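Descriptive analysis of the structure
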Amino acid sequence: MLITTLGTSHGNHTYCRFHSSTLFEIGDRSYLLDAGDPASALMIRARKDFDSLKAIFITHMHEDHVSGLPGMIKALLKYPKDGKHTDVFLTEASAAPALDAWLKAQHLAWPSDAVTLQTTRPGDIFDDAVLTVAAEPTQHMKHPDFPISFAYVLKAEGKRIVYTGDLSGDFSDFPRAAQDEPCDACICEATHYEPELALPTLMQSPIRRLILTHIHDPWHGEGEQELTEILSGLPYPVEIAHDGDEFEV
Ligand SMILES: [Zn+2]
Ligand SMILES: [Zn+2]
């Protein structure tokens, strides 16, 4: 599968990065993980096709992960094709009516059979016979009654990928899915914790390849070298993603 890190910044855009969105292409299908602004524009810039987009999985409802959703949905609705359908997984039940109202307020062709809004729950949430996706709660955002932030585990073509979403500052919620079972790639956020703090957990995790995204300001530009050095003792390759980078897994 081909993974394109369309946007790789954290809660702010920076001089060289936009908010987070990552595209997975498997055969003739594609899937988007997070849709921070300007996800649809970055799809176009990377010459990616909206018709093949089967699902969008949001990790949590912070603005930097969802602000590109209206534009993405507009792109999906604007040139409808028979049979084209995209599931959009939000992480709180209250988010669907809010997005529904915002799409209507923008006078889009909404509601539409082409896009369905869903709510992520812990466990298996998606299977289209090409890709399966399971959700594991994180502690990045908290609600007293139910989880509202998630990591995702993607399985396709015999590969297993863990996408952490945003984590907590003590790294205690680094997904069990990346600690208990080997993964071909772990796409991990790199903003909310000190990398030195994460080292012991990362060291003992059976990861084959670590791809860092959601990159914090200190690790931009010349800081990239410093982050690479901090993590240089890990027993697997570590890559720092930039907007538009591609990773074949
Ligand atoms: Zn974030
Ligand atoms: Zn967040």
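Preceding this section is the structure that the text describes.
Residues numbered from 1 in each chain as written. Chains lettered and ligands numbered in written order. Predicted model: local features only at pLDDT ≥ 70, side-chain atom pairs only at ≥ 80, totals over all residues. Heavy atoms only, no water.

**Overview of the overall build of the protein**
A count of helices and strands for the protein gives 7 helices and 14 strands. Computed over its C-alpha atoms, the radius of gyration of the protein comes to 17 Å, within 12% of the 18 Å expected for a compact globule of 249 residues. Classification of the 249 residues of the protein by burial places 56% in the buried group. Across the protein, the fraction of contacts at a sequence separation of at least 24, relative to all contacts at a separation of at least 6, is 64%. (Helix = DSSP H or I, 4+ residues; strand = E, 2+ residues; numbered from the N terminus. Rg over C-alpha atoms; globule rule 2.2 N^0.38 Å. Buried < 20%, exposed > 50% of the residue type's maximum accessible area, 1.4 Å probe, protein only. Contact = heavy atoms within 4.5 Å.)

**Quick word on the sheet that holds strand 11 (residues 185–190)**
On the basis of which strands lie adjacent, the open sheet formed by 7 strands has the order 7-8-9-10-11-12-13 and mixed pairing. Strands at the two margins of the open sheet, each flanked by one partner only, are strand 7 (123–127) and strand 13 (238–240). In this sheet, neighbouring strand axes are inclined to one another by 20° on average, regardless of whether the strands run parallel or antiparallel. When strand 12 (residues 210–215) meets strand 13, the two strands line up parallel, connected through 3 bridges. Each bridged residue has a counterpart across the sheet, and for L210 the counterpart in strand 13 is V238. (Pairing = 2+ DSSP bridges. Axes fitted to C-alpha atoms, helices over the stretch in contact; angles between N-to-C directions.)

**Points about the coordination of the zinc ion (ligand 1)**
Protein-derived coordination of the zinc ion (ligand 1) comes from D64 (OD), H65 (NE2), D166 (OD) and H214 (NE2), at a distance range of 2.1 to 2.2 Å. Around the zinc ion (ligand 1), the 4 donor atoms are arranged such that angles at the metal cover 88 to 169°; this shape is classified as irregular. Counting the intervening residues between successive donors of the zinc ion (ligand 1) yields the motif D-H-x100-D-x47-H. In this structure, the zinc ion (ligand 1) lies 3.4 Å away from the zinc ion (ligand 2), the two metals sharing D166 as a donor. Linking H65 in helix 2 (residues 63–66) with D166 in the loop between strand 10 (159–163) and helix 5 (176–179), this pair joins segments that are 101 residues apart in sequence. Take H65: its relative accessible area is 1%, and that puts it in the buried class. You can call D166 buried: its relative accessible area is 2%. (Donors = N, O, S within 2.8 Å, 3.2 Å for Na, K, Ca; no water. Tetrahedral: all angles 85-135°; square planar, octahedral: opposite > 155°, others 65-115°.)

**Focus: the pairing of strand 11**
A large share of strand 11 lies buried, amounting to 6 of its 6 residues. Pairing of strand 10 with strand 11, which is carried by 3 bridges, proceeds in the parallel orientation. Paired with V162 across the strands is C186, a residue of strand 11. Considered for its hand, the β-α-β crossover made up of strand 11, helix 6 (residues 195–203) and strand 12 is right-handed. (Right-handed = clockwise from strand over helix to strand, strands pointing away.)

**Considering the pattern of salt bridges**
In the structure shown here, the tally under the stated rule is 10 salt bridges. In this structure, E246 engages K48 in a salt bridge whose closest nitrogen and oxygen atoms are separated by 3.6 Å. Within this pair, whereas E246 is found in strand 14 (residues 245–248), its partner K48 is found in the loop between helix 1 (39–45) and strand 4 (53–57), the two being separated by 198 residues in sequence. Overlapping salt bridges bring together E25, K48 and E246 as one network. (Salt bridge = Lys/Arg side-chain N within 4 Å of Asp/Glu carboxyl O.)

**Some details on the coordination of the zinc ion (ligand 2)**
Only H60 (NE2), H62 (ND1), H140 (NE2) and D166 (OD) from the protein reach the zinc ion (ligand 2) as donors, at distances of 2.1 to 2.4 Å. Here the donor residues of the zinc ion (ligand 2) are spaced in sequence according to H-x1-H-x77-H-x25-D.

**What to know about the nonpolar core**
Grouped together as the largest cluster of nonpolar side chains are 28 residues, with contacts concentrated most on L32, A35, I56, L69, M72 and L90. Sorting the residues of this core by element identifies helix 1, strand 4, helix 3 (69–78), strand 5 (86–90) and helix 4 (95–105) as the ones contributing at least two each. The dominant element in this core, judged by the number of residues it contributes, is helix 3, at 6 residues. In this structure I56 touches L32, A35, L69, M72, L76, T86, D87, V88 and F89, once residues within four positions along its chain are discounted. (Core = buried A, V, L, I, M, F, W, Y, C linked by side-chain atoms within 4.5 Å.)

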